[in-house]
Amino acid sequence: GENVEQHPSTLSVQEGDSAVIKCTYSDSASNYFPWYKQELGKRPQLIIDIRSNVGEKKDQRIAVTLNKTAKHFSLHITETQPEDSAVYFCATLDSGYALNFGKGTSLLVTP
Amino acid sequence: DSGVTQTPKHLITATGQRVTLRCSPRSGDLSVYWYQQSLDQGLQFLIHYYNGEERAKGNILERFSAQQFPDLHSELNLSSLELGDSALYFCASSVAGVPGETLHFGNGTRLTVT
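Keep in mind the model is a prediction, meaning the values are calculated, not measured.

**Observations regarding the sheet that holds strand β3 (residues 19-24) of chain B**
All names here are of chain B.
- What the four strands build is an open sheet, ordered β1-β3-β8-β7; its pairing is antiparallel. The open sheet is flanked by β1 (5-7) and β7 (64-68), the only strands paired with a single partner. When strand polarity is set aside, the average angle formed by the axes of neighbouring strands in this sheet is 15°.

Here it is in structure tokens:
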């Protein structure tokens with residue numbers, strides 16, 4: 001399946017700072033790039049997604065950027081809050097329409 | 001609450017045994033996906049069903065099998081269990097299983113193999 005690399009694996013920021021998580025993928029045919037958030041002991045939930053015909057998408061404090069030429073996409077969280085602490089997963093679609101997830105980034109926002 | 005129901009929540013069993021995990025998708029969703037989440041491997045796609053038929057296979061071992069029934073619930077069968085099968089197993093559903101649909105995850109079944 002699609003190879004999705006996600007960095008960093010852990011990220012610690014002070015409350016109010018920004019956090020950036022980056023993913024790279026290998027299949028140039030990929031056209032859908034979602035981000036899921038998983039709080040401790042809970043299920044993954046979609047927080048934002050972007051399609052290949054768009055370069056950037058924002059939803060309040062969260063934004064995703066896509067660079068199809070370089071085959072990478074990033075999650076940006078501004079004005080981080082302690083409740084943003086969670087594991088974040090990027091994903092791409094494979095040819096069989098299933099999501100292939102990165103290995104996750106554990107984000108810790110300290111007050 | 002996502003509307004996706006997984007049972008049981010926890011399962012403890014011994015090596016060599018067989019277990020069945022159950023998933024009921026959201027009302028109206030025809031597509032069911034199974035994922036395995038272990039500490040070092042993240043979320044690994046296992047298998048996808050749409051309206052009773054297998055649509056795609058991922059990194060699913062031959063010891064594992066699944067099916068989706070006419071009422072659209074799905075079962076994941078794990079046999080000849082090994083210690084390394086210990087993980088959190090998630091089911092997710094979507095409306096039609098087409099590219100770009102949001103996956104709605106259940107709360108998972110935590111399997112511990114001793």
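**Structural notes on the state of the cysteines**
- Enumeration over the complete set of coordinates arrives at two disulfides over all chains.
- With a sulfur-sulfur separation of 1.9 Å, Cys23(A) is cross-linked through a disulfide to Cys90(A). Between Cys23(A) and Cys90(A), the S-S dihedral sits near -95°, and the bridge is therefore left-handed. With Cys23(A) in strand β3 (residues 19-25) and Cys90(A) in strand β9 (residues 86-93), this residue pair connects regions lying 67 residues apart in the sequence.
- Judged by relative accessible area, Cys23(A) falls into the buried class, the value being 0%.
- The disulfide partner of Cys23(B) is Cys91(B), and the gap between their sulfur atoms is 1.8 Å.

**Notes on the nonpolar core**
- Grouped together as the largest cluster of nonpolar side chains are 21 residues, with contacts concentrated most on Trp35(A), Phe73(A), Leu75(A), Ile77(A), Tyr88(A) and Leu107(A).
- Every element with two or more residues in this core is listed here: β3, β4 (32-38), β5 (45-51), β7 (62-67), β8 (72-77), β9 and β11 (105-110) of chain A.
- Element by element, the count of residues in this core is highest for β3(A), at four residues.
- Once you skip the residues sitting within four places of it in the chain, Tyr88(A) turns out to touch Gln6(A), Ile21(A), Tyr36(A), Lys37(A), Ile47(A), Leu75(A), Ile77(A), Gly104(A), Thr105(A) and Leu107(A).
- Formed by 20 residues, the second largest nonpolar core is a distinct cluster that contains Ile60(B), Leu76(B), Leu78(B) and Val113(B).

**Describing the interface of chain A and chain B**
- Taken together, the 16 residues of chain A in the interface contact 23 residues of chain B.
- Roughly 1600 Å² is buried in total at the junction of chain A and chain B, and carbon and sulfur atoms are behind 59% of that figure.
- The three residues of chain A that bury the most area against chain B are Arg43(A), Tyr97(A) and Phe101(A), which together make up 35% of that side's buried surface.
- Here chain A is connected to chain B by zero salt bridges.
- Among the secondary structure elements, those contributing two or more residues to the side of chain A that touches chain B are β4, β5, β9 and β10 (99-101) of chain A.
- A per-element tally of the side of chain A that touches chain B places β4(A) first, with three residues.

**What to know about the pattern of salt bridges**
- Using the criterion set out here, one finds seven salt bridges over all chains in the structure.
- For Asp85(B), the salt bridge is made with Arg63(B), and the minimal N-O distance between the two is 2.8 Å. A residue pair is termed long-range when its members are at least 10 positions apart, and Asp85(B) in the loop between β8 (74-78) and β9 (87-94) and Arg63(B) in the loop between β6 (53-57) and β7 qualify at 22 residues.
- On the accessibility criterion, Asp85(B) (4% relative accessible area) is buried.
- Residues joined by salt bridges that share partners form a network here, namely Lys37(A), Glu39(A) and Lys42(A).

Reading the values: the criteria
Along each chain, the written sequence defines residue order, and numbers are assigned to residues from 1. Key to labels: chains lettered from A, ligands numbered from 1, both in the order written. Side-chain atom pairs in this predicted model are given and counted only at pLDDT of 80 or more, local residue features only at pLDDT of at least 70, and totals for whole chains, interfaces and linings cover all residues. As a rule here, side-chain values come from all non-hydrogen atoms in the structure, and water together with hydrogens is ignored. At least two DSSP bridges between two strands are needed for those strands to be called paired. Here a helix means four or more residues in a row that DSSP labels H or I, a strand means two or more in a row labelled E, and each is numbered from the N terminus. Here the axes come from fitting lines to C-alpha atoms, over the contacting stretch only for helices, and the angles between their N-to-C directions go from 0 to 180 degrees. Here, a disulfide means two cysteine sulfur atoms that sit within 2.5 Å of each other. Note on exposure labels: buried denotes an accessible area under 20% of the residue type's maximum, exposed denotes more than 50%, and partly exposed covers the range between, all computed with a 1.4 Å probe on protein chains only. Only buried Ala, Val, Leu, Ile, Met, Phe, Trp, Tyr and Cys residues count toward a nonpolar core, and they belong to the same one when joined by side-chain atoms within 4.5 Å. It only takes one pair of heavy atoms within 4.5 Å for two residues to be counted as in contact. Accessible-area loss on putting two parts together, using a 1.4 Å probe and summing over both, is the definition of buried area adopted here. In the sections that follow, a salt bridge refers to a side-chain nitrogen of Lys or Arg positioned within 4 Å of a carboxyl oxygen of Asp or Glu.

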